[in-house]
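The chain contents come next:
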Amino acid sequence: MVNVLILPHGFPHNSLKGRFYEIARGLSRDKRFNVYILMRPPSSKIHATLFILKSFKGIFKPSIYQTEKDKINFIKCPFFYGPVPLFTKFNQSIFRYIIEKYNINVVINEFSHSLAIPPSQSLIHIYDLADDYLNFHRNIFVKYFIKKHLRTELLKCDVVTSASMHLVQRLRGLGWIKDFIWIPNGFYKEDFENIPENEIKYIRKKYNLEGKFVIGHIGSQDKYSGLDFLLQVFNQLIEYEPKTTLLIVGPFINIDAKKIAKLKNVVITGPVAPDRIPAFFKSVDIGVLPYKPDETVHGRFPIRMMDFTAARKIVVSWPFGDLKTLNLPNIILAERNIPDWVKAILSAKDMTWKREWDYLLNEFSWQVIVAKLKEIVFKLLDGKLIKWSL
């Protein structure tokens, strides 16, 4: 049995997908793999003394629970979380304890701080660049620590994986990355193929979408989502297409959802259960990716882009990150301004999915992507002569 520990960079809202969990799902379906995910502390604002006490208690009694459907093990073990050197040092004993207790063979690490993976001949260290960590923080001291920590972890790991070729090329230019393997984000085909037609009809009826041209903006609505820009585009668009509805699916974070819900032809659903999200992708006519243009966006490979693709939808986006290089046939790229986006959405309205694009449904399925990751794992295990058994 290969015991894999995943250290996720962040935990998304429970109605949204995360790269770390989709990878865990794929690995856990193989009987040769036992997958663990280390949960982050609930809050960084806990009183320091209590937190230390809880952390020491966690060393000896980490709690663990397994998801019923996917058989993924979540380890709940309080530790210091934050870009502070002292935290990293303190967490070493906790991390070593977990490695030994659960006989971990492989660590897939997304952390940009707090946890340093100890070099070991009996441990495979895969660093998964899930985001552009260098540009998340504006504080110069925090950026300095993350830069130093990230460089160290990237140079000592066995291999770097990432969904973003754009981000890897930038860090490779700094001399921080030796070996890199592209592991894109994807989708599970069965999540989209087994949706009853009645479910789609129910959604369109419930939200008054019948007979409308529906634009889907699905995902977490926060300061990075580009919702303000999208609403400006939509305001112009309905002058040309008055029977158009903007369907916004997902949680609102520091955005006034009630105010947006009052806008003409705009429908919001709020958070949706994970197993129902694919039906919403199928229920819209086109998707949009209006992300805010900041320093971090170019390091993204949005899972929602793949979900729209799995639902056989046309998507309008602006050319950030790898989108120009990928050149996906169902993605219309338009410069991020109102006139160009209005024009692109009107073009998307007249497009339909072509059968020859179905190759995307195999190329970007998590089954194919995780198979590639498993191949990497077994090569590294053989290379280090690490023993494992069923």
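Structure report, in brief. Just so it is clear, the structure is predicted and the values come from calculations on it, not from any experiment.

## With respect to the overall build of the protein
Then, in step 1: Across its full length, the protein holds 15 helices and 14 strands.
Then, in step 2: Rg of the C-alpha trace for the protein: 22 Å, near the compact-globule value of 21 Å for 390 residues, within the 12% margin.
Then, in step 3: Taken across its 390 residues, the protein has 55% of its residues classed as buried.
Then, in step 4: When the accessible surface of the protein is totalled, it reaches about 18,700 Å², and 54% of it is carbon and sulfur.
Then, in step 5: Counting 56 positive and 37 negative side-chain charges, the protein places the centres of these two groups 6 Å from one another.

## Remarks on the sheet that holds strand E5 (residues 106-109)
Then, in step 1: Across the sheet, 8 strands lie side by side as E3-E4-E2-E1-E5-E6-E7-E8; this open sheet has mixed pairing. Each of the sheet's edge strands pairs with one partner strand only, and the pair in question is strand E3 (63-66) and strand E8 (180-182). Sheet twist, expressed as the mean angle between neighbouring strand axes with direction ignored, is 25°.
Then, in step 2: Bridging between E5 and strand E6 (residues 124-129) involves 4 bridges; their strand directions are parallel. Residue pairing across strands places valine 106 opposite isoleucine 124, the latter belonging to E6.
Then, in step 3: Of the strands in this sheet, strand E1 (2-7), strand E2 (33-39), strand E4 (73-76) and E5 are in contact with helix H3 (residues 85-101), which crosses E1 at around 155°.
Then, in step 4: Helix H15 (residues 366-383) contacts E1, E2, E5, E6, strand E7 (159-162) and E8 of the sheet and is inclined by roughly 145° relative to E6.

## Topic: the sheet that holds strand E12 (residues 286-289)
Strands pair in a sheet through their backbones, by hydrogen bonds, and they do so in one of two ways: parallel or antiparallel.
Then, in step 1: A sheet is described by the order of its strands in space; here 6 strands give the open sequence E11-E10-E9-E12-E13-E14, paired in parallel fashion. Each of the sheet's edge strands pairs with one partner strand only, and the pair in question is strand E11 (266-270) and strand E14 (331-333). The sheet shows a mean angle of 25° between the axes of neighbouring strands, taken without regard to direction.
Then, in step 2: Taken together, the 4 bridges between strand E10 (residues 244-249) and E11 define a ladder with parallel strand orientation. Paired with isoleucine 248 across the strands is isoleucine 268, a residue of E11.
Then, in step 3: Against the sheet, helix H8 (residues 227-240) contacts strand E9 (213-218), E10, E11 and E12, and its axis sits at roughly 165° relative to E10.
Then, in step 4: Sheet strands touched by helix H13 (residues 338-349): E9, E12, strand E13 (314-317) and E14. Its angle to E13, the strand with the most contacts, is close to 175°.

## Some words on the side chain of asparagine 34
Then, in step 1: Looking at where asparagine 34 falls in the secondary structure, it is placed in strand E2.
Then, in step 2: Among the polar contacts listed, one links the side chain of asparagine 34 to the side chain of asparagine 73, at a separation of 3.1 Å.

## Description of the pattern of salt bridges
Then, in step 1: Summed over the entire model, instances satisfying the criterion amount to 12 salt bridges.
Then, in step 2: For arginine 25, the salt bridge goes to aspartate 191, with nearest N and O atoms at 3.3 Å. Here arginine 25, found in helix H1 (residues 19-28), pairs with aspartate 191, found in helix H6 (residues 189-193); they are 166 residues apart in sequence, far enough to count as distant. Aspartate 191 matches arginine 25 in its accessibility class, with the two residues each being buried.
Then, in step 3: When the shortest N-O distance is used, the salt bridge between aspartate 358 and arginine 312 registers 3.5 Å. Here the residue aspartate 358 occupies a position in the loop between H13 and helix H14 (359-363), and arginine 312 occupies one in the loop between helix H11 (303-310) and E13, the gap between them amounting to 46 residues.
Then, in step 4: Judged by relative accessible area, aspartate 358 falls into the partly exposed class, the value being 25%.
Then, in step 5: Among the residues examined, arginine 312 registers a relative accessible area of 33% and is labelled partly exposed.

## Brief notes about H1
Then, in step 1: Counting buried positions along H1 gives 10 out of 10 residues, so the element sits mostly inside the fold.
Then, in step 2: Considered for burial, the residues of H1 that qualify are Arg19, Phe20, Tyr21, Glu22, Ile23, Ala24, Arg25, Gly26, Leu27 and Ser28.

## Focus: the side chain of histidine 125
Then, in step 1: Along the chain, the position of histidine 125 falls in strand E6.
Then, in step 2: For histidine 125, the residues in contact, after removing those within four places along its chain, are Val107, Asn109, Ile117, Glu153, Cys157, Asp158 and Val159.

## Brief notes about the packing of aromatic side chains
Then, in step 1: Tallied over the full model, the rule gives 17 aromatic pairs.
Then, in step 2: Between phenylalanine 281 and phenylalanine 308 the ring centres are 4.7 Å apart and the planes differ by 75°, which places this aromatic pair in the edge-to-face class. Linking phenylalanine 281 in helix H10 (residues 277-283) with phenylalanine 308 in helix H11, this pair joins segments that are 27 residues apart in sequence.
Then, in step 3: Residue class for phenylalanine 281 comes out buried when judged on its relative accessible area of 2%.
Then, in step 4: A centroid spacing of 5.4 Å and a plane angle of 85° characterise the contact between tryptophan 353 and tryptophan 357, whose relative ring orientation is edge-to-face.

## Topic: the packing of H8 against H13
Then, in step 1: Axis separation between H8 and H13 bottoms out at 9 Å; the angle between their running directions is 60°. One way to sum up the angle between H8 and H13 is to call them oblique. By crossing handedness, the relation of H8 to H13 is classed as right-handed. Counting all contacts with H8, which are made through Phe229, Leu230, Gln232, Val233, Gln236, Leu237 and Tyr240, the residues of H13 involved are Ile338, Trp341, Val342, Ile345 and Leu346.

## Things to note about helix H7 (residues 197-206)
Two residues of an α-helix separated by three or four positions point the same way, owing to the 3.6 residues in each turn.
Then, in step 1: All buried positions along H7 are accounted for by Ile200, Ile203 and Arg204. Projected onto a plane normal to the axis of H7, the buried residues spread over an arc of 95° and lie on a single side. Looking at H7, the residues exposed on the side facing more than 90 degrees away from the buried face are Asn198, Lys201 and Lys205.
Then, in step 2: Taken together, the buried residues of H7 touch E9 and H10.
Then, in step 3: Following H7 by one or two positions, asparagine 208 has its phi on the positive side, about 55°.

Reading the values: the criteria
- Residues numbered from 1 in each chain as written.
- Predicted model: local features only at pLDDT ≥ 70, side-chain atom pairs only at ≥ 80, totals over all residues.
- Heavy atoms only, no water.
- Helix = DSSP H or I, 4+ residues; strand = E, 2+ residues; numbered from the N terminus.
- Rg over C-alpha atoms; globule rule 2.2 N^0.38 Å.
- Buried < 20%, exposed > 50% of the residue type's maximum accessible area, 1.4 Å probe, protein only.
- Areas by Shrake-Rupley, 256 points an atom, 1.4 Å probe, with all protein chains shown as cover.
- Lys, Arg positive; Asp, Glu negative; His and termini not counted.
- Charge placed at Lys NZ, Arg CZ, Asp CG, Glu CD.
- Pairing = 2+ DSSP bridges.
- Axes fitted to C-alpha atoms, helices over the stretch in contact; angles between N-to-C directions.
- Contact = heavy atoms within 4.5 Å.
- Polar contact = N/O pair within 3.5 Å; in protein donor to acceptor, adjacent residues only side chain to side chain.
- Salt bridge = Lys/Arg side-chain N within 4 Å of Asp/Glu carboxyl O.
- Phe/Tyr/Trp six-rings, centres within 6.5 Å; stacked < 30°, edge-to-face > 60°.
- Parallel < 35°, antiparallel > 145°, perpendicular 65-115°, else oblique.
- Left-handed = near helix turned anticlockwise from the far one by under 90°.
- Arc of directions from axis to C-beta.

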